[in-house]
Amino acid sequence: MSDLARQQSEFQHAILTGDDTILAEIPDSPREKRETLLGVYRYAYASRLVEAMRNDHKLLHVYLGDEMFDTMGHAYVAAHPSQHPNLRWFSGNLPDFLKSAEPYSKHPVLSDFASLEKALNDAFDAAEAPVIGIADMAAFAPEAWAGLTFRPHPSAQRLDLSTNAAAVWLALKADEEPPDPVSLVEPNRLLVWRQDVTPMFHQLSAEEAMMWDEAACGLTFGVLCSMLATYDDPDGAAARGANYLHGWVTAGLLTGVSAGA
Amino acid sequence: MNVASQTPVSPAAHLKQPVSDAKPPFLGFGLGLRAQHYDEILNGDPAIDWFEIISENYMIPGGQPLRILDRIRARYPVVMHGVSLSIASTAPPNFEYLASLRDLARRVEPKWISDHLCWTGVHGKNLHDLLPIPYTREALDHVVGRVQLVQDFLGRAIVLENVSTYVRFTNSEMTEWEFLSELSRRSGCFLLFDVNNVYVSAFNHGYDPMTFLEGIPADRVVQFHMAGHSHMDTHIVDTHDHPVCEDVWELYAAALKRFGWVSTIIERDDHIPPLDEIMVEVERTREIAHRVLPPMARHTG
């Protein structure tokens, strides 16, 4: 190992762990001791990353308050040192961290809340793609519809939350008192996407969630309607399917439709 | 002569594409682009000659930031300024990062691409800080090689900035300005002279900032940064969260006298004020340059 590589390794170790070995190679400045000067880097490291987390998870910060958020943030920084050159992706493991690390894992609303904020962040700067309109759908002859397949917009993501985190998020967004966190018997099925430039989310019924998930896998409209028929009135399945599809198209959730293979 | 041909270090040097080493043009007096000012810029017509973007803020798949950047670059010259090149790191080069940087450059067509003389991490970790290096011959050889690699990858000479430092290393064999001068001479990179960083480092390490200024080759400097800092009595931290202080304005005037007409921006990264407030500082960079330098006709970048 070169001397430069060894020195960088020890400097990084000093910042991440508090080890003082590198101080032997750092002189005092004319006005300040080396420990204090090295401390500038140590302080900046964690505070910069926690600040980035505050930016990514603005409403989780509101929900937890300064002290609890920063304590959580420092725990995350220690558990998940950044491995990506772009700070944009640093907090990406936060939902998993909150789900698995105590004491946060005892409050499942936190992981769900972070999942929702992450999904909205990811939708915000997801890849661009054209969206289809009602006219694109109308161009297909009625007999072609059973064979239609659909391509979701790159920003679209599905989330199943086990708590009322979405209701808590909406209350905080509206600057209102959030409801008490509760676990749900049925998951809260969300569809998150970007409409033009604005991240959005929509709560889905079990039926619509099933149809979206299967449509995203490439099943044809005809098969999707057959599946819908197992959820509710079979005679109304095609109409319900067309209604869901209409909603997706007008919301800008689809970037492509094609007729058969 | 291209940059790569000056100091070939690779046996495959003859396979390299030519690297443009043309000195970038003088752009005038600009501002670091921040999201807080998007609306005021696009809805108004601020007297800003050019913008510097933080490259990583736009190294994303899509969405509003890139759409706004497209609109701004259609109206203003843009320069890309990165914080994660980690040019001095002894870790293997991150070619995924470089490819993303190159993709953004193809979209933005920046007047130049800059980053910092520093490292940001080793062993697969990124500390997201501009970490100091020892000014040794070993470090110089290492950084020269990395700069040449990056320049070959991007097909253009890059621009490197002096960072604010809080520590020095006992094994340094030369000064920072000697290191920067030699780095620029050997690699063909240009220099971004951060006036505030010179002031901060000079205070922290107890030398005269004018010595630094006089030690930098004038023909290699293509940009100035101006920013504020936080004074802690015994040391200064480069926080970019205050207006530029009077001492740094004085140093800016001295830098103009030494380096001539150099493209300048105001950098603000925290406690970002409304655009009209920060425009006062942009106008001051312009006013000082016109006051201390000979007429504009003489500057050609």
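Remember, predicted model here, so these are calculated numbers, not experimental data.

1. Quick look at the overall build of chain A
Then, in step 1: For chain A, the count of helices and strands is ten helices and five strands.
Then, in step 2: Computed over its C-alpha atoms, the radius of gyration of chain A comes to 25 Å, more than 25% above the 18 Å expected for a compact globule of 261 residues.
Then, in step 3: Dimensions along the principal axes, computed over C-alpha positions, put chain A at roughly 85 × 45 × 30 Å.
Then, in step 4: In chain A, which comprises 261 residues, the proportion classed as buried is 34%.

2. A closer look at the interface of chain A and chain B
Then, in step 1: Of the residues lining the interface, 41 residues belong to chain A; the matching set on chain B comes to 41 residues.
Then, in step 2: Among the elements of the structure, helix 1 (3–17) and helix 2 (34–56) of chain A are those that each provide at least two residues to the side of chain A that touches chain B.
Then, in step 3: In the side of chain A that touches chain B, the residues fall into 21 nonpolar, ten polar and ten charged.

3. Regarding the confidence of the model for chain B
Then, in step 1: Per-residue confidence for chain B gives a mean pLDDT of 92; residues scoring 70 or more make up 92%.
Then, in step 2: In this model, residues 1–13 of chain B is a region of pLDDT below 50 whose contacts with residues beyond four sequence positions or in other chains number 21 contacts.

4. Some remarks on the nonpolar core
Then, in step 1: The biggest cluster of nonpolar side chains holds 138 residues, and the ones touching the most others in it are Phe113(A), Val159(B), Leu191(B), Phe193(B), Val195(B) and Ala255(B).
Then, in step 2: With nine residues, the single largest contributor to this core is helix 2 of chain A.
Then, in step 3: Each of two domains, domain 1 (1–106) and domain 2 (125–261) of chain A, supplies a minimum of three residues to this core.
Then, in step 4: In this structure Val159(B) touches Trp112(B), Ile113(B), Ser114(B), Cys189(B), Phe190(B), Leu191(B), Leu192(B), Val222(B) and Gln223(B), once residues within four positions along its chain are discounted.

5. What to know about the packing of helix 5 (residues 108–124) of chain A against helix 7 (residues 165–173) of chain A
All names here are of chain A.
Then, in step 1: Contact geometry for helix 5 and helix 7: axes closest at 9 Å, N-to-C directions at 65°. The way helix 5 lies across helix 7 gives a crossing that is right-handed. Contacts between helix 5 and helix 7 involve Val109, Asp112, Phe113 and Leu116 on the former and, on the latter, Ala165, Ala166, Val168 and Trp169.

6. Thoughts on the sheet that holds strand 2 (residues 51–54) of chain B
All names here are of chain B.
Then, in step 1: The eight strands lie next to each other as 1-2-3-4-5-6-7-10, forming a closed barrel whose pairing is parallel. Strand after strand, the sheet turns through a mean of 30° between neighbouring axes, direction not considered.
Then, in step 2: Inspection of the sheet shows strand 1 (residues 29–32) paired to strand 10 (residues 263–266) by three bridges, in the parallel sense. Residue pairing for strand 10: glycine 30 is matched across the bridge by isoleucine 265.

7. With respect to the sheet that holds strand 4 (residues 198–204) of chain A
Residues and elements named next belong to chain A.
Then, in step 1: Strand order in this open sheet of three strands is 2-3-4, and the pairing throughout is antiparallel. For this open sheet the edge positions go to strand 2 (157–163) and strand 4, each flanked by a neighbour on one side alone. In this sheet, adjacent strand axes meet at a mean angle of 30° when their direction is disregarded.
Then, in step 2: Here strand 2 runs beside strand 3 (residues 183–195); their pairing, made up of six bridges, is antiparallel. Bridging across to strand 3, leucine 159 finds its partner in leucine 190.
Then, in step 3: Here helix 7 sits on the sheet in contact with strand 2, strand 3 and strand 4, set at roughly 100° to strand 2.

8. A short note on unusual backbone geometry
Then, in step 1: Each neighbour pair has its own omega, and for Glu102(A) with Pro103(A) the value is 5°, a cis peptide bond.
Then, in step 2: For Pro103(A), the location among the structural elements is in the loop between helix 4 (94–100) and helix 5.
Then, in step 3: Within the chain, Ser86(B) stands out as a residue other than glycine whose phi angle is a positive 55°.
Then, in step 4: Of note, Ser86(B) is situated in the loop between strand 3 (78–81) and helix 4 (95–108).
Then, in step 5: Of note in the backbone geometry, His240(B) takes a positive phi value of approximately 55° without being a glycine.
Then, in step 6: Among the structural elements, His240(B) can be located in the loop between strand 9 (236–237) and helix 9 (246–259).

9. With respect to helix 9 (residues 221–228) of chain A
Residues and elements named next belong to chain A.
Then, in step 1: When helix 9 is considered as a whole, its buried residues turn out to be Phe221, Leu224 and Leu228. Buried residues of helix 9 fall within an arc of 55° about the axis and therefore sit on the same side.
Then, in step 2: Close packing links the buried residues of helix 9 with strand 1 (148–152), helix 8 (206–216) and helix 10 (237–250).

10. A look at the pairing of strand 3 of chain B
Moving residue by residue along a regular strand, the side chains alternate between the two faces of the sheet.
All names here are of chain B.
Then, in step 1: Burial along strand 3 is two-sided: the residues Val78 and Met80 and Val79 and His81 are all buried.
Then, in step 2: Bridge count for strand 2 against strand 3 is four bridges, and the pairing is parallel. Residue pairing in the sheet places phenylalanine 51 in a bridge with valine 78 of strand 3.
Then, in step 3: Assessed by its sense of winding, the connection that carries the chain from strand 2 through helix 3 (residues 64–73) to strand 3 is right-handed.

11. Quick word on the packing of helix 2 of chain A against helix 3 (residues 58–79) of chain A
Residue and element names in this part refer to chain A.
Then, in step 1: Where helix 2 meets helix 3, the closest approach of the two axes is 9 Å, and the angle between their N-to-C directions is 150°. As for the relative orientation of helix 2 and helix 3, their crossing is right-handed in sense. Contacts from Ala46, Leu49, Val50, Met53, Arg54 and Asn55 of helix 2 reach helix 3 at Lys58, His61, Phe69, Asp70, Gly73, His74, Tyr76 and Val77.
Then, in step 2: In terms of residue class, the contact of helix 2 with helix 3 is made up of seven nonpolar, four polar and three charged.

Calculation rules
Residues numbered from 1 in each chain as written. Chains lettered and ligands numbered in written order. Predicted model: local features only at pLDDT ≥ 70, side-chain atom pairs only at ≥ 80, totals over all residues. Helix = DSSP H or I, 4+ residues; strand = E, 2+ residues; numbered from the N terminus. Rg over C-alpha atoms; globule rule 2.2 N^0.38 Å. Buried ≥ 20, exposed ≤ 12 C-beta atoms within 10 Å, placed from the backbone. Contact = placed C-beta atoms within 7 Å. Nonpolar A, V, L, I, M, F, W, Y, C, P; charged D, E, K, R; others polar. pLDDT = per-residue confidence, 0-100. Core = buried A, V, L, I, M, F, W, Y, C linked by C-beta atoms within 7 Å. Domains from an automatic or database assignment. Axes fitted to C-alpha atoms, helices over the stretch in contact; angles between N-to-C directions. Left-handed = near helix turned anticlockwise from the far one by under 90°. Pairing = 2+ DSSP bridges. Arc of directions from axis to C-beta. Right-handed = clockwise from strand over helix to strand, strands pointing away.

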